[in-house]
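Fold and geometry: a report
Chain by chain, the residues:
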Amino acid sequence: MRKVLLRIVFDQYWQMESVGNELLVGAGWVLAAWTLIAVVGLAVLWKLTRDSGQVLSSLLFWAIIPTAIVMIPVLGLPLAKSGVPLFGYGLMLFVGFASGTLLATRRARQVGLDPNVVWDLTMWLLIPGIIGARVIYLLQNWQRVVGGKAGMDAVLATVNLTDGGIVFYGCVIGGVIGAITFCRRRNIRILQLGDVVIPSLMLGLGFGRIGCFLYGCCFGGPCSLPWAVRFPPDSLTFQKLVERGTIPPDAAATIPLHPTQIYSSILAFSLAAFLTWYFRHRPFEGAVLALGCTIYPINRFVLEVIRDDEPARMGTGLTFSQLMSIGIFLTGCGMLIWLSHRHRGEHSAAGATKAGAG
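All of the points below concern the structure found in this document. (Residues numbered from 1 in each chain as written. Predicted model: local features only at pLDDT ≥ 70, side-chain atom pairs only at ≥ 80, totals over all residues. Heavy atoms only, no water.)

**A few points about unusual backbone geometry**
With glycine set apart, most residues show a phi of negative sign, and most peptide bonds adopt trans. If you check the backbone angles, N187 has positive phi at about 55° while not being a glycine. Examined against the element boundaries, N187 turns out to sit in the loop between helix 7 (168-186) and helix 8 (190-215). With relative accessibility at 72%, the residue N187 sits in the exposed group. Even without a glycine there, the phi angle at C218 is positive, about 55°. By the element assignment, C218 lies in the loop between helix 8 and helix 9 (236-244). For C218, a relative accessible area of 11% puts it in the buried group. (Helix = DSSP H or I, 4+ residues; strand = E, 2+ residues; numbered from the N terminus. Buried < 20%, exposed > 50% of the residue type's maximum accessible area, 1.4 Å probe, protein only.)

Encoded structure:
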C-alpha cells in the first residue's frame, strides 16, 4: 500500500530507488513511459474514431504532463527539490476514467451515437460527480475534516481531496444530474446513453477501488484469513484506527484487516464484463442500465457488512451506502418491470398494426 505511489525527482533523471514507503523515479523514466503510453493511446483513438480533430485535441492533453515536468526545474519551482508526488488513488482514477471512456465510445457507435457524444459527456459526469462525491463525504465526516477550522482553512479543507474523501454513491448522484442535464441539452435519449455508460462506470469503479487500497480508505474489519492485509503508518486506515484507540500510535502497522477494496474491485470488474456482454444481447433500451442498478447495490450492501469505515445512520443499524443500495436496488427493479411492460406493449402495438395492414 502506497499513499504516494511514486515521487518524480529531478536531480537524477534516470534514478530508480525505493526510500521508505516511496519509490523515487527520475523524470527521464516518466517522460519515456508517458511518451510510449501517449503514442499507443493516440493510435487506438485514431483506430476507433478516424477523427483527426479528436486525435489532435487528445495530443494537446497528452502534451500537458511532459511540458509541466520539463518546466518545473527550468522555472526553479520548489517541486524541483522535493519532487512531484504521484498519488496512487489519483492515478487509478485517471486510468479508470480514460479506459472507461474509450470503451464507451465503441458501444456508442454500436447504437448509432456519435462517439464524440461520449467525450462531450465526460465533463458533465466528471465535474458534477466529483462535487457530489465530495459533498456526501463532507456530510458524513464534517467534524473530522472541517471541525475546529475557520476562514480560509475551513474552505481549503472542504476541497482538499488529498486528505481522501469521496463517496461513490455521491459520485452517482452528481453524475446522474449531469447526465440528465446533458441529454436534455443535446436531445439524446437518457436510457440509450445509460446503456452505453453503465459498464464503463463499473470498470472505472474497479480501478478506483485499487486506488482506495493504495491510499488506505474504505477499509475492512478484522480478518484472520490468509489474505488479510496490514496498512502502514502513513495510510488513512492506520490514522483512523489510532483515533479509535484500536492500535497505539507507535504500532508498526494495523491489525490484519479484510482487503475490502480488492473485494470491491474484483466485483466491479466482473460486473463490468457481464454488462459489456449483456449490452450486445439487451432485449430493450434501458435494460443494461436497469440491470446494473439492480446487481451492484446487492454487492455493495453485502460488502458493507465487512467494511469498517462507516458508522450506521439514523438509528437504522445500516450505513449510508446500505441505505442508498436499497434505494437504487428498488429503482433498478422498478425500471426493469416498467421497461419490460413497455417493451411488450410496443411489440403488441406493432403486431396489431401489421395485422390491420394485412
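**Structural notes on helix 6 (residues 151-159)**
Every buried residue of helix 6 is accounted for by A154, A157 and T158. Burial along helix 6 is one-sided: seen end-on, the buried residues are contained in an arc of 100°. When the buried face of helix 6 is taken as reference, the exposed residues oriented beyond 90 degrees from it are M152, D153 and V159. The secondary structure elements touched by the buried residues of helix 6 are helix 5 (115-145). (Arc of directions from axis to C-beta. Contact = heavy atoms within 4.5 Å.)

**What to know about the sheet that holds strand 2 (residues 16-19)**
Pairing is mixed across the open sheet formed by four strands, whose spatial order is 2-3-1-4. Both outer strands of the open sheet, strand 2 and strand 4 (84-87), are each paired with one neighbouring strand and no more. Sheet twist, expressed as the mean angle between neighbouring strand axes with direction ignored, is 25°. Where strand 2 and strand 3 (residues 22-26) come together, four bridges link them in antiparallel fashion. By the bridge assignment for strand 3, E17 is matched with L24. (Pairing = 2+ DSSP bridges. Axes fitted to C-alpha atoms, helices over the stretch in contact; angles between N-to-C directions.)

**Comments concerning the packing of aromatic side chains**
With the rule as written, the count across this model stands at 10 aromatic pairs. Consider the rings of W124 and F182, whose centres lie 6.2 Å apart with planes at 50°: the pair is tilted. Pair noted here: W124 is in helix 5 and F182 is in helix 7, with a separation of 58 residues, a long-range link. Relative accessible area serves as the criterion here: at 28%, W124 is assigned to the partly exposed category. Taken together, a centroid distance of 6.5 Å and an interplanar angle of 40° make the contact between W277 and Y278 tilted. Among the residues examined, W277 registers a relative accessible area of 42% and is labelled partly exposed. On the accessibility criterion, Y278 (16% relative accessible area) is buried. (Phe/Tyr/Trp six-rings, centres within 6.5 Å; stacked < 30°, edge-to-face > 60°.)

**Some points on the packing of helix 8 against helix 11 (residues 287-303)**
The contact between helix 8 and helix 11 brings their axes to 7 Å, and the two run at 30°. As the angle between them shows, helix 8 and helix 11 are arranged roughly parallel. Seen from helix 8, the contacting residues are L191, G194, D195, I198, P199, M202, L205 and R209; seen from helix 11, they are A287, V288, L289, G292, Y296 and R300. Of the residues belonging to the contact of helix 8 with helix 11, the class tally is nine nonpolar, two polar and three charged. (Parallel < 35°, antiparallel > 145°, perpendicular 65-115°, else oblique. Nonpolar A, V, L, I, M, F, W, Y, C, P; charged D, E, K, R; others polar.)

**Details of helix 10 (residues 260-279)**
Over its 20 residues, helix 10 extends 28 Å from the first C-alpha to the last, a length consistent with the 28 Å expected when each residue adds 1.5 Å. If you check which residues of helix 10 are buried, you get T260, Q261, Y263, S264, S265, A268, L271, A272, L275, Y278 and F279. Looking at the buried residues of helix 10, the elements they touch are helix 4 (88-110), helix 8 and helix 11. (Expected span 1.5 Å × (residues − 1).)

**Notes on the packing of helix 5 against helix 8**
Two elements in contact, helix 5 and helix 8, have axes whose closest approach is 12 Å; the angle formed by their N-to-C orientations is 80°. Taken as axis vectors, helix 5 and helix 8 run roughly perpendicular relative to one another. Together, V117, V118, L121 and L125 of helix 5 and L193, V196 and V197 of helix 8 make up the contact between the two elements. Residues that form the contact of helix 5 with helix 8 fall into these classes: seven nonpolar, no polar and no charged.

**Focus: the pairing of strand 3**
One ladder, built from three bridges, connects strand 1 (residues 4-9) with strand 3; its direction is parallel. The residue bridging V9 from the neighbouring strand is G26, located in strand 3. Linking strand 2 back to strand 3 in an antiparallel pair, the connection comprises two residues, with G20 at a positive phi of about 65°.

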